[in-house]
Amino acid sequence: MLFSLALFLWRLYRHFSIMFSTDRLTVPEYVSRLQRGRSGSASDPKAVSPGISADVQAVLASSLPALRCAIRKLKSSHESSDSEETRGAIAEIFQLVEEAWVLPTVGRQVAEEFCNRIRLDGGLELLLQLQQLPVVEITYESAKLLEQILISENRDYIARLGLGVILNLTRQQEDAQLARSVSGILEHMFKHTEETSVHLITNGALDALLFWCRGTDPTVLRHCAVALANCAMYGGHRCQRWMIEKQAAEWLFPLAFSKEDELIRFHACLAVTVLAANKEIEKEVVKSGTLELVEPFIASLDPDDFARNLLDSTDSMQGRTASDLQQLLPLLDGTRLEGKCIAAFYLCVESSIKSRQRNTKIFQEIGAVQSLKRIVMYSSNGTACSLAKRALSMMGEEVPKRILSSVPNWKSCEVQTWLQQVGFSAYCDRFQELQVDGDLLLNVTDQDLSADLGMTAGLTRKRFLRDLRVLKTYANYSTCDPNNMADWLADVDPRLRQYTYGLVQSGVDLNNVQHLTDQQLQHDCHIVNGVHRAKILSFSRKPSKPCHTDAQPAGPDVFISYRRTTGSQLASLLKVHLQVRGYSVFIDVEKLEAGKFEDKLIQSVQRAKNFILVLSANALDKCMGDTAMKDWVHKEIVTALAGKKNIVPVTDNFMWPDPMSLPEDMRAILNFNGIKWSHEYQEATIEKILRFLKGQQDQMDAKDASKGQKKETK
């Protein structure tokens, strides 16, 4: 009875929050009440009830009859071809499903039962039929409902019987309203199976997502970012390779660079980080420049604030399932810093959500706890380490102490501390009795463990040696490695850093490494793995690159100058459009160290062949009266003018100022031909920019420029 009353009050709240919400869809009035009402949601975390099975049954008993009634109404209205009744039935089902998703604690279970019931009662099959009708309003609304009910079983159904319908919808790329739902459907379907992802990509679904990445609709961009992340995480290596071939890493840049929506940025960063974890395509991902955005962005976020944003989102308020979270472990245990940072952050956010649901045991079950402890113990990166500590604390787990990295200099007491933290306390006395210090620990073999240290169980020894390999990989060898063999090995393969101590003890340095033999690596340096020996020998035989200390690296083809507050979105789009056409582009991504920022930026302008100036709304306002040249856009323009660069202004909602309002040293910028950006016709606009970059300007534009009048090409 009490739970039924709570449900009634929740529905009453939802009714009024949606009624007065300003975030409404442009669909008929009786459907607009289905909008999620994100802007009307409370900002505080939702209350949590115990969420036992009886509670779920109570909700289902009171709500399932209404759902089944709405499904019957949908069937009858479709059979009678009554469009208005059909839309009304879709609206009723949507609202019931949405209310279920946002119920505290039990929402996931209740919503999944609703979604299953829709399929079992024939509603899912009917929705697929409705999307093939000529009535566009029904197509829009049925697609929006379908997006809301794609739980695992329903994804199975769509993959078997409805994928063709979805793919037909993706071909209507220019329909902005349909894109809001279809991109959401693809978000779900790309996490179905590798086979489904392959089928989607080969039939144009990835092309549609990348096309929509050029847009400005936050809902579509959010779906695109999550869909690309899901494709990277669940699609397997073949889909990852296709993503690179279709330049998805480049098109993720505008999403990761966006200042509008943290969820968009986060999932774009997650997608590119997952791609970079694939060694086969890592170099191509790094070349895209998108990976540089990940660590600074993650470092700028607060996990609790991010979790609150998710709790206010119908799509994410229940958090992720165990299988979803398990996909993060390869990033957490991988070699790339970006992967460790974003995975630790994600687990930190999820631990905040799961602690409200009293379900933190999920992290121990998927094996995330030990990986987080390893980061705390060994990582030298402050962002990854602090996030891992925070996640462990919120999970209620013990936070280990950071291990001193100078392992070769450890005393036996420090070895004892390490044994306790990696779970081998039972052997502390024996290690102490034999006075095992850092030097001996780094030289311990399987035979030593068995014969001298009392580890009789073979699996126990394997587990110990696995932890020892991790320690060797992260150890600091600076006190015994004057030639920095550790970094040389890491350049071959980060995993090979574990052999540093063996090589150094054997007298190997950068001067004689090229003369090593396979036998010496095996017997003198104790590298048992033959593949690892072959990698080291192959790398040592490569001719060293000549060092030209006086030679300046080649400058970028294009430097893009922009005002952060209004021009970052267009600047990032221009970067990608030019980059996929073979141009090298410099765009400031806020990663430079503070002391080197000014020099690096000015040098990049000086070395660039072309200078694109993004003139967005109020882009030059801060330049007015800036006689001390403190504004960065002002500095960049003056540097470009002094260097006689090929300057191409690109305008977007920009009003040209009075020349006398600008400092004299930059007024000449007003005499350059400009191109007006068209978001609807991006390809045509880019072609004009390319002609300007190649110096092939229209004669008419040149004639107008000679009169000293500013003219924008339409």
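Anything mentioned here points back to the structure above.
## Some remarks on the packing of helix α14 (residues 248-257) against helix α34 (residues 564-579)
Remark: α14 packs on α34, axes separated minimally by 9 Å, with the N-to-C direction vectors making an angle of 170°. One element, α14, and the other, α34, form an angle in the roughly antiparallel class. Residues E250, W251, F253, P254 and F257 of α14 form the contact with α34, whose own contacting residues are S568, S572, L573, K575, V576, H577 and Q579. A class-by-class count of the residues in the contact of α14 with α34 yields six nonpolar, four polar and two charged.

## Topic: the pairing of strand β3 (residues 610-615)
Most of β3 sits out of view: six of its six residues are buried. The alternating pattern of β3 places N610, I612 and V614 on one face and F611, L613 and L615 on the opposite face, and all of these are buried. For strand β1 (residues 558-561) and β3, the ladder comprises four bridges, and the chain directions are parallel. Opposite S561, over in β3, you have L613 as the bridge partner. Both β3 and strand β4 (residues 646-651) contribute to a ladder of six bridges, which runs parallel. The partner of F611 across the bridge, within β4, is I647. A crossover links β3 with its parallel partner β4, the connecting element being helix α36 (residues 632-642), and its sense is right-handed.

## A closer look at the side chain of K191
The residue K191 is located in the loop between α9 (176-189) and α10 (194-202) in this model. Under the relative-accessibility criterion, K191 is labelled buried at 16%. The residues contacting K191, other than those within four sequence positions of it, are R155, N230, Y234 and D324.

## Looking at the side chain of K340
By secondary structure assignment, the location of K340 is in helix α21 (residues 337-356). A distance of 3.0 Å separates the side chain of K340 from the side chain of Y474, its partner in a polar contact. The contact partners of K340, leaving out residues within four places of it in the chain, are L331, L332, D333, G334, I375, A384 and Y474.

Here is what the cut-offs are and how they apply
Residues numbered from 1 in each chain as written. Predicted model: local features only at pLDDT ≥ 70, side-chain atom pairs only at ≥ 80, totals over all residues. Heavy atoms only, no water. Axes fitted to C-alpha atoms, helices over the stretch in contact; angles between N-to-C directions. Helix = DSSP H or I, 4+ residues; strand = E, 2+ residues; numbered from the N terminus. Parallel < 35°, antiparallel > 145°, perpendicular 65-115°, else oblique. Contact = heavy atoms within 4.5 Å. Nonpolar A, V, L, I, M, F, W, Y, C, P; charged D, E, K, R; others polar. Buried < 20%, exposed > 50% of the residue type's maximum accessible area, 1.4 Å probe, protein only. Pairing = 2+ DSSP bridges. Right-handed = clockwise from strand over helix to strand, strands pointing away. Polar contact = N/O pair within 3.5 Å; in protein donor to acceptor, adjacent residues only side chain to side chain.

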